[in-house]
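What follows is each chain in one-letter form.
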Amino acid sequence: MRRPGEGVVPLHLIEHAWDFAYENRSNIVDVYVRRLRRKIDEPFGRKTLQTVRGGGYRLRDDGAA
């Protein structure tokens, strides 16, 4: 992980995955986050990918606990 514990807003995810001309009128980030959670969280019974209320998403930093 590059920056565990730091939040990333959905707009930054869109800018890195699609070009700047993409119109953010859909829930595409939410859909892919849900799919990612099914792959990295559910099979292992963890909550690695966390939602930051009003701030996007972050990866849990296990070393900070």
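Look a little higher up for the structure.
Residues numbered from 1 in each chain as written. Predicted model: local features only at pLDDT ≥ 70, side-chain atom pairs only at ≥ 80, totals over all residues. Heavy atoms only, no water.

1. Section: the overall build of the protein
This is how it is decided: Each helix corresponds to a stretch of at least 4 residues labelled H or I by DSSP, and each strand to a stretch of at least 2 residues labelled E; elements are numbered beginning at the N terminus. Whether a residue is buried, partly exposed or exposed follows from its accessible area with a 1.4 Å probe, protein chains only, as a fraction of its type maximum: under 20%, in between, or over 50%, in that order. Residues are treated as being in contact if the distance between any of their heavy atoms lies within 4.5 Å. Note on areas: these come from Shrake-Rupley sampling with a 1.4 Å probe, and a residue is covered only by the protein chains present in the view.
Along its length, the protein carries 2 helices and 2 strands. Seen in sequence order, the protein has helices and strands lined up from the N terminus as α-α-β-β. Burial status across the protein gives 12% buried among its 65 residues. A separation threshold of at least 6 residues defines the contact pool for the protein, and within that pool the share at least 24 residues apart is 40%. Here the protein has roughly 5500 Å² of accessible surface; of this, 51% comes from carbon and sulfur atoms.

2. A word on a positive patch on the surface
Our working definition: For patch building, the residue pool is restricted to those with more than 30% relative accessible area and no salt bridge; the joining distance is 9 Å between like charges and 5 Å between nonpolar side chains (Val, Leu, Ile, Met, Phe, Trp, Tyr). Any carboxyl oxygen of Asp or Glu within 4 Å of a side-chain nitrogen of Lys or Arg constitutes a salt bridge here. Residues scored as positive are Lys and Arg, those scored as negative are Asp and Glu, and His as well as the terminal groups of each chain are ignored. Charged side chains are reduced to one point each, which is NZ for Lys, CZ for Arg, CG for Asp and CD for Glu.
Taken together, the side chains of Arg34, Arg35, Arg38 and Lys39 make up a positively charged region of the molecular surface. Within the fold, arginine 34 resides in helix α2 (residues 28-40).

3. Brief notes about the side chain of aspartate 41
To be explicit about the condition: Nitrogen and oxygen atoms within 3.5 Å of one another constitute a polar contact, given that in protein one can donate a hydrogen and the other can accept it, and given that sequence-neighbouring residues count only through two side-chain atoms.
Relative to the assigned elements, aspartate 41 resides in the loop between α2 and β1 (49-52). Within the structure, the side chain of aspartate 41 is placed 2.9 Å from the backbone nitrogen of threonine 48, a separation counted as a polar contact. Among the polar contacts listed, one links the side chain of aspartate 41 to the backbone nitrogen of leucine 49, at a separation of 3.4 Å. Those residues in contact with aspartate 41 that sit more than four places away from it in its chain are Leu36, Arg46, Lys47, Thr48 and Leu49.

4. Comments concerning the packing of aromatic side chains
Filter applied, for reference: The aromatic pairing rule takes the rings of Phe, Tyr and Trp, using the six-membered ring of Trp, and pairs them if the centres are within 6.5 Å, calling planes under 30 degrees apart stacked, those over 60 edge-to-face and the rest tilted. For a Lys NZ or an Arg CZ to count as sitting over a ring, it must be within 6 Å of the ring centre and within 35 degrees of the ring normal.
Throughout the structure, instances matching the rule amount to 0 aromatic pairs. One cation-aromatic arrangement involves arginine 35 over tyrosine 32; the distance from NZ or CZ to the ring centre is 5.1 Å.

5. Some points on the side chain of threonine 48
Turning to its location among the elements, threonine 48 is positioned in the loop between α2 and β1. Residue threonine 48 is classed as buried on the basis of its relative accessible area of 17%.

6. Here we look at the pairing of strand β2 (residues 56-59)
The condition that has to hold: When DSSP locates at least two bridges between a pair of strands, those strands are taken to pair.
Examined bridge by bridge, β1 and β2 share 4 bridges and lie antiparallel to one another. Within β2, the residue paired with leucine 49 across the bridge is leucine 59. Hairpin connection from β1 to β2: 3 residues lie between these consecutive antiparallel strands, with glycine 54 at a positive phi of about 75°.

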